[in-house]
Every structure is written in C-alpha cells, then in structure tokens.
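Chain residues, written in single-letter form:
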Amino acid sequence: MYERMNKVAVVTGAANGIGWATAQRWAQEGYQVALLDMSNEAVLARANELGQPHIGLACDVTSESGVTAAITAVMSNFGRIDTLVNNAGIGDQTGATVVQNVEAFDRVLAVHLRGTFLMSQAVARVMLAATPDATGARGSMVNLGSIASSIGLPARNAYSAAKAGIVGMTRAMASEWARAGIRVNAVAPGYVRTALINELERQGALDTKGIAHRTPLGRMADPAEIAEAIVFLGSGRASYITGAVLPVDGGWTAFGAPEGTLQPVAEPACA
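I will try to describe carefully the structure that is included in this document. All values derive from a computational prediction rather than experimental measurement.

Observations regarding the pattern of salt bridges
Logical step 1: Enumeration according to the criterion identifies 7 salt bridges in this entry.
Logical step 2: Between R193 and E201 there is a salt bridge, and its shortest N-O distance comes to 2.8 Å.
Logical step 3: The partly exposed category is assigned to R193, whose relative accessible area is 31%.
Logical step 4: Across the pair E225 and R219 runs a salt bridge, and its minimum N-O distance is 2.8 Å.
Logical step 5: Judged by relative accessible area, which is 42%, R219 ranks as partly exposed.

Some thoughts on helix α3 (residues 64-78)
Logical step 1: In this model α3 runs 21 Å from its N-terminal to its C-terminal C-alpha over 15 residues, within 8% of the 21 Å that 1.5 Å per residue would give.
Logical step 2: Residues of α3 that are buried include every one of V67, A70, I71, V74 and F78, and no others. When α3 is viewed along its axis, its buried side chains cluster within an angular range of 95 degrees and face the same direction. Facing away from the buried side of α3 by over 90 degrees, the exposed positions are S65, T72 and S76.
Logical step 3: Residues of α3 that are buried sit in contact with β1 (8-12), β2 (32-37), β3 (55-58) and α4 (102-128).
Logical step 4: Directly after α3, the chain includes G79, whose backbone phi takes a positive value near 80 degrees.

As for the packing of helix α1 (residues 17-28) against helix α8 (residues 223-234)
Logical step 1: In the contact formed by α1 and α8, the axes pass within 8 Å of each other and the chain directions differ by 55 degrees. As the angle between them shows, α1 and α8 are arranged oblique. Like other packed secondary-structure pairs, α1 and α8 cross with a definite hand, here right-handed. The residues of α8 that touch α1, namely those facing G17, I18, A21, T22, R25 and W26, are P223, A224, I226, A227, E228, I230, V231 and G234.
Logical step 2: The residue inventory of the contact of α1 with α8, partitioned by class, reads 9 nonpolar, 3 polar and 2 charged.

Things to note about unusual backbone geometry
Logical step 1: Put simply, Q52 and P53 share a cis peptide bond, and its omega is 5 degrees.
Logical step 2: Its identity is not glycine, yet A155 carries a phi of approximately 75 degrees, on the positive side.
Logical step 3: With respect to the helices and strands, A155 occurs in the loop between β5 (139-144) and α5 (157-177).
Logical step 4: You can call A155 partly exposed: its relative accessible area is 27%.

What about the nonpolar core?
Logical step 1: Membership of the largest hydrophobic core comes to 31 residues, with the highest contact counts inside it found for M119 and M141.
Logical step 2: A per-element tally of this core places α4 first, with 8 residues.
Logical step 3: Leave out the neighbours within four places in its chain, and M119 touches V10, T12, L36, V61, V67, I71, L84 and N86.
Logical step 4: With 25 residues, the next largest nonpolar core counts A9, V85, L233 and A238 among its residues.

Here's the deal with α5
Residues separated by three or four positions in an α-helix point in the same direction, a consequence of the helix having 3.6 residues per turn.
Logical step 1: Look at α5: 30 Å from first C-alpha to last across 21 residues, which is about the 30 Å you get at 1.5 Å a residue.
Logical step 2: By the burial criterion, the buried members of α5 are A158, Y159, S160, A162, K163, I166, V167, M169, T170, M173, A174 and W177.
Logical step 3: In this structure, the buried residues of α5 make contact with α4, β5, β6 (182-189) and β7 (245-248).

Quick look at the sheet that holds β6
Logical step 1: The sheet built from 7 strands is open, its strands ordered β3-β2-β1-β4-β5-β6-β7 with parallel pairing. Each of the sheet's edge strands pairs with one partner strand only, and the pair in question is β3 and β7. Taken over all neighbouring pairs, the strand axes of this sheet differ in orientation by 20 degrees on average, direction set aside.
Logical step 2: α1 contacts β1, β2, β4 (83-86) and β6 of the sheet and is inclined by roughly 170 degrees relative to β1.

Description of the environment of T170
Logical step 1: In this fold, T170 is placed in helix α5.
Logical step 2: Between the C-alpha atom of T170 and that of R138, which follows or precedes it by 32 residues, the distance is 17 Å.
Logical step 3: Setting aside residues no more than four positions away along its own chain, T170 makes contact with N143, V184, N185, A186 and A244.

Conventions we followed
Residues numbered from 1 in each chain as written. Predicted model: local features only at pLDDT ≥ 70, side-chain atom pairs only at ≥ 80, totals over all residues. Heavy atoms only, no water. Salt bridge = Lys/Arg side-chain N within 4 Å of Asp/Glu carboxyl O. Buried < 20%, exposed > 50% of the residue type's maximum accessible area, 1.4 Å probe, protein only. Helix = DSSP H or I, 4+ residues; strand = E, 2+ residues; numbered from the N terminus. Expected span 1.5 Å × (residues − 1). Arc of directions from axis to C-beta. Contact = heavy atoms within 4.5 Å. Axes fitted to C-alpha atoms, helices over the stretch in contact; angles between N-to-C directions. Parallel < 35°, antiparallel > 145°, perpendicular 65-115°, else oblique. Left-handed = near helix turned anticlockwise from the far one by under 90°. Nonpolar A, V, L, I, M, F, W, Y, C, P; charged D, E, K, R; others polar. Core = buried A, V, L, I, M, F, W, Y, C linked by side-chain atoms within 4.5 Å. Pairing = 2+ DSSP bridges.

Written out as structure tokens, the structure reads:
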C-alpha cells in the first residue's frame, strides 16, 4: 500500500485555472490532494498527472447528496481533511440587467454561494469531529472571493452578489468555528490569466490591454500567484489569521485615482 502523507487538502473546481494551480501547490507542500470538479474525465486526468496518492472525484457542489458522497470518498481514501479550498465557480451571464435571465442568475449563485456553503458544512462536520493538534487546530478553509466582492462591475449582478456573499459567509464561519480550531479565510483575486481569459481575448470579447493598464502592477495574475496566497492562508504559516479577506489583485482595489496617473505599461522585452 502507498504510504500516506500526513495532511489532506480538498480543492473544488480543481481541473483548471486557479483550482489546478492550487492542487499542484498543495501537492508540492506534501499534502495528499483530493481534486473535485464537475468534469469526471478532466479531474481524473489531473489527478493522474499529479500521481499517487492524489485522487480525482466528480462532484457537483450545488448538490447536497453529491457533496456528501464526495466527502465520504475523501474520508474513505485518506481518513482526514486538513484544509478545504472552495474554488468552484462559473462565469456570469452577459448583457444589461434589464434583459438578464433569472435562471442564469440563480445558477451563478448556486455554484458559488450554495456550493461554498455545502462544501464548508460537510467538511466542518469532519473537522469538528477530529482530534485537535498540539496547538488546538483542527483545520482550515479558504474561500474564493473576487474584486467583485467589494467594487462595482456593471451588469455582473449574480457574480458580484455571490462573491460578496462568500466574503460575508467567510467572516460568519470564521467567527463561529475559531474556538473549535478551524480557521476560515478568503482570497479576492483580480483578473487572472486563465485559459478562459485567453479565449475571450482571442475572440476580442475582453480588453486585456485595458485591464493591464487599469491594474497598478500592469498585468494580470498568473493562477500560480493566486495559489500561493491560498496555500499560505490554508497552511499553518497563517495560524493566527482567520476571518480575513486577502486581495490578490495587483493593486486593483487599492487604486482610486484617474487611470492617467499610472505610468504606461511596459511592453515585454523581445526574445
């Protein structure tokens, strides 16, 4: 039998983007990783890419029974959960508020907000039943907020509401579980250079140069940079941090002056 490592991380939305970068980063930290995603084929491929003892599980985070089954499978494989990353999410519908579809609105809230709630609830039951370590810690959770948690993005009603709700839920759960030894924090990314962003750029549907100009650091984030913040908050290195929301946005939410006050974005050097 493969010798198990000491700690276990569960990552939702783990087949691509920030979730995949985070799963890789936890594996580098020596954690056993349970990768969860809607796509069974994709998440199994990612788990195989990481190799043993990591596992991939298909999971619809909006389904209570699906979440229960996934966490049961994680416990069957590893016997413990030390950290949860609630990363699963979908894009918002486009178009003016007056023509938006309520079913699409509900779907965005279900994946982001209901999904975070159901996963946190199921994992908390495991953590609360666990024996605390020598410091009294039982585990940690990191939720994915966004710059949309705190600023206005025109027409992105469902996404903004969901991400603001995640921040509120993060603070509520952190306060509830702090003395039980469970820390709950959130990261709030800005624009991240994912495959979806690359495709939108290719289609001309996203002004990536405008985004880079508006961002004080002058570029989008790489998914690995968001993963670094997630793993820090989820690890023992952040042992005295709970209920916090960490912006990882290149200075986007800190910047309040006219865009013209920023220096031009430097063009990348030619190879």
